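Notes for the structure review
If you want the building blocks of each chain, they are given just below.
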Amino acid sequence: MNKQEQDLPLKAVACELLDKIVLKQLHLMEEKMRCELNIESSINNGSIHLAKSRYIMGQSSVSTARLPTESSSDFSASTVCETAEEDGVTQLKVVENEAEDTVNPLRWFGVLVPQNMHKAQSIFQNAINYVVECVNVQLQIQTNLKNMEVLRSYISSEKLSS
Amino acid sequence: MALHAAVKGKLISVIGDEDTCVGFLLGGIGEINKNRHPNFMVVDKNTPVSEIEDCFKRFVKRDDIDIILINQNVAELIRHVIDAHSAPVPAVLEIPSKDHPYDASKDSILRRAKGMFNPEDLSMFGAENYAN
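Residues numbered from 1 in each chain as written. Chains lettered and ligands numbered in written order. Predicted model: local features only at pLDDT ≥ 70, side-chain atom pairs only at ≥ 80, totals over all residues. Heavy atoms only, no water.

In the nomenclature of an unreviewed UniProt entry, chain B corresponds to V-type proton ATPase subunit F from the organism Arctia plantaginis. Recorded in UniProt for chain B, the comment headed Sequence similarities (unreviewed entry) runs: "Belongs to the V-ATPase F subunit family." (UniProt positions renumbered as here; feature names shortened; annotations may be inferred.)

The name recorded for chain A in an unreviewed UniProt entry is Vacuolar ATPase assembly protein VMA22, from Arctia plantaginis.

Below you can see the structure in the form of structure tokens.
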């Protein structure tokens, strides 16, 4: 097996590698679409709970009017992502921010918020996990694109020289 | 500075309609920094495209943001800017919204990946070998 591999010309090895990358790319594209659909269903579920809370609390109580603006005091995000390098590909992961100045977003909407609001919060927190998963797939797709480019230009230069 | 940022973790920013922003901020990604710059932008039907474009470019420039979430219908408005952004970080992720389901054929990344499979390029994979 090893002997055979050594006998293969460099170009054939490059072609085989390109085949593998292309195949992986197709799987990644499928994976990305699956992730997007997960995000979509999370957003849909979350929106229903937001709409229910809006029905209970009144139209303007669940709206952008309740979100902090540039004039409100500064605070840190409670969910952030960390970068890690894996096999030459940047991968992200969700971490809880340990900074002290985080706030509970539920407080923007009142002290006693309906149960639906809590449900919506947990659904969207879960959606963030899907989002990061999707970004990781996307980063792999981008790395693969670059690798394919390099391999192709190598193969075509080999073709010209032979 | 870089070390500090690595310890702190990077932000997820969001550009989208009201429900997307309220939802994801409820999830805890929202932040208003010391300079009072929020990491989110709510787009409604009256928001001018130039404002969305400026906001997107501002988020790309900020070094504390790793992911930019953008609703696909909003992304359509500034498609040329998104297509021009090719750096892996910050990653731009197009997400569906409650009234615009996800359309894979519009996604910048998937279109770029699909571009690799067009017929002329396939000859690179040895398609001409099968012709004769």
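Okay, back to it.
**Observations regarding the interface of chain B and chain A**
Contact with chain B, which involves 56 residues of that partner, is made by 63 residues of chain A. Summed over both partners, the interface of chain B with chain A buries about 5,200 Å², with 69% contributed by carbon and sulfur atoms. Put simply, Lys34 of chain B and Asp74 of chain A hold a salt bridge, and the shortest N to O gap is 3.5 Å. At the boundary of chain B with chain A, the tally comes to 14 residue pairs in polar contact (both at pLDDT 80 or more). Those elements that place two or more of their residues in the side of chain B that touches chain A are α1 (2-8), β1 (11-16), α2 (18-26), β2 (40-42), β3 (65-71), β4 (91-95) and α6 (108-115) of chain B. Residues that form the side of chain B that touches chain A fall into these classes: 33 nonpolar, eight polar and 15 charged. (Contact = heavy atoms within 4.5 Å. Buried area = accessible area lost by both parts, 1.4 Å probe. Salt bridge = Lys/Arg side-chain N within 4 Å of Asp/Glu carboxyl O. Polar contact = N/O pair within 3.5 Å; in protein donor to acceptor, adjacent residues only side chain to side chain. Helix = DSSP H or I, 4+ residues; strand = E, 2+ residues; numbered from the N terminus. Nonpolar A, V, L, I, M, F, W, Y, C, P; charged D, E, K, R; others polar.)

**Some thoughts on the pattern of salt bridges**
According to the stated counting rule, one finds 15 salt bridges over all chains in the structure shown. Asp74 of chain A serves as the salt-bridge partner of Arg36 of chain B, at 3.9 Å between the closest nitrogen and oxygen. With Arg36 of chain B in the loop between α2 and β2 and Asp74 of chain A in the loop between α2 (10-57) and β1 (79-86), this residue pair bridges two chains. Judged by relative accessible area, Arg36 of chain B falls into the partly exposed class, the value being 34%. The partner of Asp83 of chain B in a salt bridge is Arg111 of chain B, with the nearest N and O atoms 3.3 Å apart. Of this pair, Asp83 of chain B sits in helix α5 (residues 79-84) while Arg111 of chain B sits in helix α6, and the two are 28 residues apart along the sequence. Classification of Asp83 of chain B by relative accessible area gives partly exposed; the value is 33%. Overall, the relative accessible area of 35% leaves Arg111 of chain B in the partly exposed class. Through salt bridges with shared partners, one network takes in Glu31, Arg34 and Glu133 of chain A. (Buried < 20%, exposed > 50% of the residue type's maximum accessible area, 1.4 Å probe, protein only.)

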